[in-house]
Amino acid sequence: MDPFQIKKAPVEYDVAIVGSGAGGGMAAYSLAKSGAKVVLLEAGGYFDPADPKYITQLKWPWESPRRGASTTRPFGDFDAAWGGWDIEGEPYTTAKGTEFHWFRSRMLGGRTNHWGRISLRFAPDDFRRKTMTGIGEDWPIGYDDLKPFYDRVDKLIGVFGSVENMPSEPDGFFLPPPKPRLHELMIRKGARSIGIPVIPSRLSILTKPINDERGQCFYCSQCGRACQAYADFSSSSVLVKPAMKTGNVTLINGAMVREVLTDPASGLCTGVSYVDTQTLQEVTIKAKTVVLAASAGETARLLLNSKSGRFPNGLANSSGVVGKYINDSTGASRSAFIPALMDRKRYNEDGVGGMHVFTPWWLDNKKLDFPRGYHIEYWGGMGMPAYGFGWGIEAMNGMLAARDGSKKPGGGYGASLKDDYRRFYGAYIGMAGRGEPVPLESNYCEIDPNVVDKYGIPVLRFNYKWSDYEIKQAKHMQDTFEEIIHAAGGIALGNKPGAETNYGLEAPGKIIHEVGTARMGKDPKNSVLNGYQQAHDVKNLFIVDAAPFPSQGDKNVTWTILASSMRTSEYIADLAKKKV
Amino acid sequence: MKRRDLLKGIPVTAFGFAVNPTEAAVPAPPDVKPLKIPGGRQKFEAVRDAALNAEKFFTPHELQTVTVLSDIIIPADAKSGSASQAGVPAFIEFMMKDQPRNQTPMRGGIRWLDNTCTKRYGKPFVQCTKTQQIDMVEQIAYPAIAKPDMTQGATFFSMMRNLTASGFFSSQMGIKDIGYVGNTPNQWDGVPDEVLKQYGLAYEERELNMGK
Ligand SMILES: Cc1cc2nc3c(=O)[nH]c(=O)nc-3n(C[C@H](O)[C@H](O)[C@H](O)COP(=O)(O)OP(=O)(O)OC[C@H]3O[C@@H](n4cnc5c(N)ncnc54)[C@H](O)[C@@H]3O)c2cc1C
Ligand code: SF4
């Protein structure tokens, strides 16, 4: 057969959804439950964390010849992500002067198989930054619009946490949080002594069972490997599988959507065209409504590549805003050593896959020289050794007296070195700030005029520079980290990152919370979507990943993707019902 | 040969003229050995691992040097065995192939060590007496105070130390030694009481009642 022959699927679906991550999984679930006939197109392969074919959970480091090193998977050999910063045959480029990193997972469930499960709601103020500060952009909707959906997402998926009554960190329906680990208690005590709050974290992990389909967390600390008990949230196991059980969902894996098709006369979508990644055949799917959830970057790429006579700048882009205002969380970190934790008693402190406590933003930006806040995440403890264990001890063991009180130069060998590894085990901590950036028009992704991927699809080129706002925020993070480390009785490791490195501010993209490439707004001249994430220009086109978000607060974005995808999906279902 | 590789060989311009199916024009020979993909691996990873395992990096002399050095770095003691008993040399061999950027520093470092030992003791490192070997290691084991003519050796020795520790403590023997007792279904109910007491810490009232 000619591999370039175009195959037409005979049926017309009610809805075609592109991408099965957080946004696409929720859309498939909600729409299938409402009775719509859905086709779910996923570029990556099938994945089920409970199928031995895919399980990496509870494996030991020696089961990997590289002991878990990150040679082929950015977060290590056992991590559940298929893909990463670089995917063979699927490049992206950066404009001169830009450093941008783009993490993509090509698999059922997208990046939710191995994400950090930090599940925070945006606060009322996160929706109205422009009104409050004069910079950035307001959302066309507010907290009250999303609150009922946040509530339902909490109950449907499950999240642990504690009621704190903090206006900047709205409470939800929480399962019991796990008790802090030892280093977390020390960090908390230290931080609180200098006025910095530390509260139980909020992760989508089932510390109590919530239904018969999913088990309860058994505290292996390995959510990044995906949970065979389905006790943490992955779109694949928690949304797509139940959606398929309705019988209303056709899942097509290996479907790399290339273009959204439109009818030149009406300007409405008629479906999508995809490349079958195995056979390289081009396949056309017909659908009454198209929902994009390929992740903020891929969705922008798809719109910009869907050019036609009627939509010469790309689909839904009469405003020219598609791709613009892309923004990622800021990130900076520091690690430390806690001498009091040397020679500690051993016990199983795996806990859940992530921190048990965190610091929400606690200051007033009006009194600071940067306009947006950040939260702090913590790590440490007696984790499972793997590749990298003990690395760099030569910079450590010279600082601390040996058991007999003597000092020796850093490095060494033999029995006393072997002993040092044992003494230092579990005495390291670390912390990272995750902050809100100011979305700027000058930060954007566009189609690279010269480069295509292995399917022949033009690729994205990123243009992104941090502004002074983010750099000053990172400086504040570094000062705060040192204060917390000292208050917790620790020794900060390495040199304090200074102006020459933008205070350790990670390159854009590195925190993997890119949003805003097709932002919603009230004015079609400077936004792509309306408040229901429906394209101003194309009424049967919707976007349910993070592309619609005008800003992202200092909260990791996935819980908001889930809530807004549920809201948009039900809006789509309502529209369909009204038509009948 | 895999289909992807076949397509790689075809110039892009040929696509426009392709009338015949690529598949039929160049029939793929059947795979020689069917590859078993272990659980949790992607196919490309399984293929890559199998290829790496079939390669050899170290010469017998180099492997012997790595073995002696790793046992100097982590010797057996009352609690556990030595680095080589935990399989560290094989792990280091694999890492050379898995991350080829390690190869020159490792191969060159071993040469540096042999050159320096030949100068000092008239023999390559592994043929030196135990006393000579330790005398040599003393010169390169403490990077911050290494003499100017020993700094390259100190850098090499730090690489050996780091690889050895990583390999040892991620082995079954090393994990038992370090006392990691997790990676098994568990019920986390907080820090044990006696540990809290040891550090003068306590849970808050509400934490004690959470989930009850
Ligand atoms: C290591 C890590 C830790 C993280 N931790 C957190 C956290 O703690 N909290 C938090 O809120 N967020 C976290 N995130 C971010 C979170 O994973 C994302 O916000 C979320 O997964 C985004 O959902 P999405 O639906 O927009 O896209 P994705 O989850 O990326 O899914 C997109 C899907 O679309 C598919 N796709 C792409 N292009 C096409 C195409 N053209 N045709 C067909 N299919 C396509 C992809 O294969 C993929 O499966 C983390 C991410 C990573 C990588
Ligand atoms: S920590 Fe709990 S939820 Fe996470 S993978 Fe382990 S058992 Fe599953």
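Please read these numbers as outputs of a predicted model, since none were measured by experiment. (Residues numbered from 1 in each chain as written. Chains lettered and ligands numbered in written order. Predicted model: local features only at pLDDT ≥ 70, side-chain atom pairs only at ≥ 80, totals over all residues. Heavy atoms only, no water.)

Enquirer: Sorry, what's going on with the pairing of strand S10 (residues 282-292) of chain A here?
Expert: All names here are of chain A. Of all 11 residues that make up S10, nine are buried, and the element is covered over most of its length. Bridge count for strand S9 (residues 269-276) against S10 is five bridges, and the pairing is antiparallel. What sits directly across from Val272, in S10, is Ile285. Connecting S9 to the next strand, S10, in antiparallel fashion are five residues, including Leu280 with a positive phi near 65°. Alignment of S10 against strand S18 (residues 541-543), held across three bridges, turns out to be parallel. Bridge pairing links Val290 to Leu541 in S18. (Buried < 20%, exposed > 50% of the residue type's maximum accessible area, 1.4 Å probe, protein only. Helix = DSSP H or I, 4+ residues; strand = E, 2+ residues; numbered from the N terminus. Pairing = 2+ DSSP bridges.)

Enquirer: Just to check I follow, could you spell out the site of ligand 1 for this structure?
Expert: Residues and elements named next belong to chain A. Near ligand 1 you find 36 residues, and of these Glu42, Arg111, Gly116, Val257 and Thr558 are the closest. Glu42 is positioned with one of its side-chain polar atoms (N or O) 2.6 Å from an oxygen atom of ligand 1. Take Gly110: an N or O atom from its main chain is 3.3 Å from an oxygen atom of ligand 1. In the complex, the protein chains occlude 95% of the 1,000 Å² of accessible area that ligand 1 would expose alone. For the shell around ligand 1, the secondary structure elements donating two or more residues are helix H1 (22-33), strand S2 (38-42), strand S8 (255-262) and helix H9 (558-579). The dominant element in the shell around ligand 1, judged by the number of residues it contributes, is S8, at three residues. Split by residue class, the shell around ligand 1 holds 17 nonpolar, 13 polar and six charged. (Near = heavy atom within 4 Å. Polar contact = N/O pair within 3.5 Å; in protein donor to acceptor, adjacent residues only side chain to side chain. Areas by Shrake-Rupley, 256 points an atom, 1.4 Å probe, with all protein chains shown as cover. Nonpolar A, V, L, I, M, F, W, Y, C, P; charged D, E, K, R; others polar.)

Enquirer: Explain the interface of chain B and chain A to me, please; I cannot follow it from the model alone.
Expert: The parts lose accessible area when they come together, and the size of an interface is often stated as this lost area. The interface of chain B with chain A comprises 80 residues on the first partner and 84 residues on the second. Summing the contributions of chain B and of chain A, the shared interface buries around 6,900 Å²; its carbon and sulfur component is 57%. For the interface between chain B and chain A, the tally reads 14 salt bridges. The partner of Arg41 of chain B in a salt bridge is Asp77 of chain A, with the nearest N and O atoms 3.1 Å apart. Applying the counting criterion to the chain B and chain A interface returns 40 residue pairs in polar contact (both at pLDDT 80 or more). (Contact = heavy atoms within 4.5 Å. Buried area = accessible area lost by both parts, 1.4 Å probe. Salt bridge = Lys/Arg side-chain N within 4 Å of Asp/Glu carboxyl O.)

Enquirer: Can you help me understand empty space enclosed by the protein in this one?
Expert: Any empty space left between the atoms is revealed when a probe the size of a water molecule rolls over them. As enumerated under the stated definition, the model contains seven cavities of 30 Å³ or more in all. Of the pockets and cavities examined, the largest cavity occupies roughly 80 Å³. As for the largest cavity, its lining consists of 13 residues, and the residues nearest its centre are Gln57, Cys217, Cys220, Cys223 and Cys227 of chain A. For the lining of the largest cavity, the per-class residue count stands at eight nonpolar, four polar and one charged. Taken as a whole, the second largest cavity encloses approximately 60 Å³ of empty space. Around the second largest cavity, the lining residues are Phe47, Lys53, Tyr54, Thr56, Arg73, Ala80, Trp82 and Arg225 of chain A together with Gly40, Arg41 and Gln42 of chain B. Taken together, the residues of the lining of the second largest cavity sort by class into four nonpolar, three polar and four charged. (1 Å grid on protein atoms, 1.4 Å probe; cavity = no way out; pocket = protein on both sides within 12 Å on 5 of 7 lines; lining within 4 Å. Points joined across faces, edges and corners; volume = space filled by probe spheres on them.)

Enquirer: For this particular structure, what's the right way to read the side chain of Arg161 of chain B?
Expert: With respect to the helices and strands, Arg161 of chain B occurs in helix H8 (residues 151-169). Sequence-distant contacts of Arg161 of chain B, defined by excluding residues within four places in its chain, comprise Ile393, Glu394, Gly411, Gly412, Leu417 and Tyr421 of chain A together with Ile73, Ala141 and Pro143 of chain B.

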